[in-house]
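Coordinate analysis (summary)
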Amino acid sequence: SSTPPPHVALFPSAGMGHLLPFLRLAATLNSHGCHVTLITAEPTVSISESDHISTFLRFNPKINHQSLQVQPLDSSTDISDPFFKQFEAIRRSLHLVTPMLKSTSPPVTSIVTDITVSASMAEAVSELNIPSYVLCTTSAKFFSLVCRLPVLISDPVNFEAEKIQIPGVAPIAKSSIPPPFLIPGHFFVKELLANATSFPKFKGILINSFTEFEPQTLKALNDGKVMHGLPPVLPIGPLPAVDYPIKEVNEESQCRILQWLDTQPNRSVIYLSFGSRTALPVDQITEIAKALEICSYRFVWILKLSKVDKEDREDLVDILGQTFLNKVKNRGIVIKEWVDQEKILSHSATGGFVSHCGWNSIMEAAEWGVPVVAWPLFGDQRVNAEVVVDAGLGVWDRSWSGQRVVEAEEIVKKVAEVMDGGEMIMRRAELVRVEAMRAVGDGGSSDASYVKAFF
Ligand code: BUP
């Protein structure tokens, strides 16, 4: 008799950067014949998240949904970041997961949890006695830093050197380490430490990366060099986009961008986006506008003005000025709304990507072979930028940071390296694309990880 298909429960925590890879994994597992239960924490932090969840479920009716009601933290908490607040609120509600999963039919055979709550989840579901996995939504290199954190923090001398050494992993510049890592007792670091310490309790770590993109780091992780007792790290990236009409996408704007791209020459457009969580300061926005004005490149610029959701009412003209908008109107598009980024990156007119190096964006650039001008700002982004450069997917001026305003001339110069960089930069990005395609193709390195984990 044939064995029944696996039933995988998935639990993303908070933020689009975490939710999207989980939705992609859910759809992929479903297409591999698995039953899937998606558990989402509600209320979500942003409208983007609730919109994506409801539309995704509507277009994937075979995926089962359970909501985990979280109790928002009271105002006495000293955590200010809305996403960190949610992680904490989720942790306090995770005891509800086991009773929820006990009542699902067919019985759940494994669970995949977000890295931000892995320690509490390991504890919460231990009595179910089913294999559990962590889905890592950052680079293998940043993941190795997290794994190493308990060792690094135990001796502060480790953080004094200009380069942080992790066995088997290319050194990480001290300037790439998120500043909170250097502050003893920081809330975020305490959580990360607890989560890192929990990794050995899992059957494996699924990671949205691929062997050919981070060969050395993935090998070091799997050779046991980075963390004692670490389970297999299974690359499953780049996770494929899920195609569904996102309510939040302004159809008119999206059509305008795609139709415009259709009329532009191959690889002639630079796409600029800083992700869903970063609003740049106004003086930096002004310099970017100046750069786009003086350079001759065609462009699509996603301009985000607030941290959670795009509820900002400010008009583009108030920020950029009518003169700028008039000057560039035939050469570029500036947009505030959520766009379907993969449709832009996969378009043949797109030739470069100025990116904050959120890991999903990097995997999407790899998947479509679009060379990157790295402009990381915080969190894992600088370490991710190191990976981009090492993998040959792009360029990075390390002096760019959130700490200073990068001037228009510098921006033009770096963008030109990608847009006028000639064959070399295009060929390397194309090679990355081919390797990514092979990894997820039948029998490829990422495809094989699914079999190892779930079948
Ligand atoms: Br903005 C924007 N459309 O308009 P990252 C983002 N995205 O499809 P982040 C859109 O959101 P964290 C938009 O393709 C990517 O899949 C984009 O994730 C998509 O950065 C995702 O790149 C953004 O990882 O999250 O949002 O800063 O910091 O959690 O990595």
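Everything below is about the structure printed above this text.
All of these numbers come straight from a predicted model, not from anything done at the bench.

Mapped onto the secondary structure, Leu128 falls in the loop between α5 (118-124) and β5 (132-136). Separated by 21 residues in sequence, Leu128 and Pro107 have C-alpha atoms that sit 10 Å apart. With near-sequence residues (within four places) excluded, Leu128 lies in contact with Thr98, Leu101 and Lys102.

Before going further, it helps to examine the site of the ligand. Lining the immediate environment of the ligand, one finds 17 residues, of which Ser276, Val339, Asn360, Ser361 and Glu364 sit closest. Within the side chain of Gln341, a nitrogen or oxygen atom sits 3.1 Å from an oxygen atom of the ligand. Within the complex, 96% of the 620 Å² of free accessible area of the ligand lies under protein. Counting residues per element, the ones that place at least two in the shell around the ligand are α1 (16-31) and α14 (359-368).

Once that is clear, we can look at the pattern of salt bridges. Proximity of charged atoms lets side chains of opposite charge pair with each other. Enumeration over the complete set of coordinates arrives at 16 salt bridges. Measuring nitrogen to oxygen at the nearest pair gives 3.2 Å for the salt bridge that ties Arg92 to Glu88. The partner of Arg427 in a salt bridge is Glu423, with the nearest N and O atoms 3.9 Å apart. Of this pair, Arg427 and Glu423 both sit in helix α17 (residues 423-440), four residues apart, roughly one helical turn. The residues Arg427 and Glu423 share a single accessibility class, namely exposed. One network of salt bridges, with partners in common, ties together Glu88, Arg91, Arg92 and Glu191.

Ordered in space as β12-β11-β10-β13-β14-β15, the six strands form an open sheet in which the pairing is parallel. With one partner strand each, in any of the chains shown, β12 (332-335) and β15 (394-396) form the two edges of the open sheet. The sheet shows a mean angle of 15° between the axes of neighbouring strands, direction not considered. As paired elements, strand β11 (residues 298-302) and β12 share four bridges and run parallel to each other. Across the sheet, the residue bridging to Ile302 is Ile335, located in β12. Most of the contacts of helix α9 (residues 251-262) go to β12, to which it runs at about 160°, and overall it touches β10 (269-273), β11, β12 and β13 (350-355). In the packing of helix α10 (residues 282-294) onto the sheet, contacts are made with β10 and β11, and the angle to β11 comes to roughly 165°.

What counts, and at which threshold
- Residues numbered from 1 in each chain as written.
- Predicted model: local features only at pLDDT ≥ 70, side-chain atom pairs only at ≥ 80, totals over all residues.
- Heavy atoms only, no water.
- Helix = DSSP H or I, 4+ residues; strand = E, 2+ residues; numbered from the N terminus.
- Contact = heavy atoms within 4.5 Å.
- Near = heavy atom within 4 Å.
- Polar contact = N/O pair within 3.5 Å; in protein donor to acceptor, adjacent residues only side chain to side chain.
- Areas by Shrake-Rupley, 256 points an atom, 1.4 Å probe, with all protein chains shown as cover.
- Salt bridge = Lys/Arg side-chain N within 4 Å of Asp/Glu carboxyl O.
- Buried < 20%, exposed > 50% of the residue type's maximum accessible area, 1.4 Å probe, protein only.
- Pairing = 2+ DSSP bridges.
- Axes fitted to C-alpha atoms, helices over the stretch in contact; angles between N-to-C directions.

Just geometry here; none of it tells us what the structure is for.
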